[in-house]
Amino acid sequence: MASVKNRVAAGVCALLLTAGAMPAAAASSEQVHRGHPHDVLFGVNTSSDGLLAVGSNGRLWQSRDGSQWQSNSNVGDSRALLAVSERQGNLLAVGQQGGIFHSAGDGWKAVEAPVKERLFAVAQGDFGLAVVTGAFGAVLCSQDGGRSWQQSQIDWPALIGQNYQPHVYNAAIDARGRIYIVGEFGMIARSDDAGKSWQSLHSGEASLFGLALSDTGLGYAVGQSGTVLRSRDGGESWKAITSNSDAILMDVAIRADGKAVATGIRQALSISPTSSQARVLNHDAFLESWYSDIAVLGNAFYAVGEQAKVIKISL
């Protein structure tokens, strides 16, 4: 079972929504946006028209090129938004108090959710399939692009070996329509039938906060204590790689060439698909701040975090 210390640390990370021996990688970073001192960007995702980001006070930010950012409207009410997803013009945003918001180009509308827990992540697949995950075992699935939601009935003791509903921090849907979730107790689980049944793929001590899958079968999950797990077989199996870090890693993104970047609390790592070790990015931007989410646009990575900072990372 995860230690009390680990669980408290995981809670701190949720509420933020609230060095390595290897040499620094050949990479550069620059701050391309910064908001007011009390602004926060919690989630960022690639869209068909650039990048989308969400954060405090229900604000939605947009950028076509990753450098110029605008916030023209709020999504729904003033609740903090923690994640956003766009697929073929279908937009979903989720956040505090079970907030789910949907837009298909006709303005944002609040969607009734079967839970009131904090919702951490949202992902979309083909044919209207979508998933939302959150606190205390919240896993919601949709078959109509997020217009309606059903709570997945998961037998948690059978899945994770604990009589407990874990926080489910992130989710992804692969090209085959399979849903992956990660969370407490090192949990990685998959559903092949739109959330009706689940199988465990990994368990451990450290909570996992970030998840990324590529169409090539490469995948990464990251979390507490510098944990970096890699899959080379489309998520069937996961193996830890040396991170040279003990930081809390919040998210990870994979570029088309297989290179990845993980960001978190005062730490960022670059990961090569051919290396058994991650490399610490010893840049001031990461050492003095936290970044809760990261996405890829073109060849660059864009991390978002406190003070609505956006950092562009070039490898």
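Computed from a predicted model, the values in this text were never measured in an experiment.

On to the layout of surface pockets. In this structure, the second largest pocket encloses a volume near 310 Å³. Elements that contribute at least two residues to the lining of the second largest pocket include exactly β3 (50-55), β4 (59-63) and β5 (70-74).

Turning next to the pairing of β4. Pairing of β3 with β4, which is carried by four bridges, proceeds in the antiparallel orientation. Bridging across to β4, A53 finds its partner in W61. Taking the residues between adjacent antiparallel strands as the criterion, β3 and β4 are bridged by three residues, where N57 takes a positive phi near 60 degrees. The pairing of β4 with β5 spans three bridges and is antiparallel. For L60, the partnering residue across the bridge sits in β5 and is S73. Adjacent in sequence and paired antiparallel, β4 and β5 are bridged by six residues, among which G66 carries a positive phi angle near 85 degrees.

In a beta sheet, neighbouring strands are held together by backbone hydrogen bonds and run either parallel or antiparallel to one another. Spatial ordering of the open sheet is given by β2-β3-β4-β5, a layout of four strands whose pairing is antiparallel. Both edges of this open sheet fall to β2 (41-47) and β5, since each of them pairs with a single strand only. Sheet twist, expressed as the mean angle between neighbouring strand axes with direction ignored, is 25 degrees.

With that settled, the discussion passes to the pairing of strand β24 (residues 268-271). With burial as the criterion, each face of β24 is covered, one bearing A268 and S270 and the other bearing L269 and I271. Looking at chain direction, strand β23 (residues 260-264) and β24 are connected through four bridges and run antiparallel. Its bridge partner being in β24, A262 is matched across the sheet by L269. The hairpin turn running from β23 into β24, its antiparallel successor, is three residues long, and R266 in that turn takes a positive phi close to 55 degrees. Examined bridge by bridge, β24 and strand β25 (residues 279-280) share two bridges and lie antiparallel to one another. Bridging across to β25, S270 finds its partner in R279.

Cut-off values and rules
- Residues numbered from 1 in each chain as written.
- Predicted model: local features only at pLDDT ≥ 70, side-chain atom pairs only at ≥ 80, totals over all residues.
- Heavy atoms only, no water.
- 1 Å grid on protein atoms, 1.4 Å probe; cavity = no way out; pocket = protein on both sides within 12 Å on 5 of 7 lines; lining within 4 Å.
- Points joined across faces, edges and corners; volume = space filled by probe spheres on them.
- Helix = DSSP H or I, 4+ residues; strand = E, 2+ residues; numbered from the N terminus.
- Pairing = 2+ DSSP bridges.
- Axes fitted to C-alpha atoms, helices over the stretch in contact; angles between N-to-C directions.
- Buried < 20%, exposed > 50% of the residue type's maximum accessible area, 1.4 Å probe, protein only.

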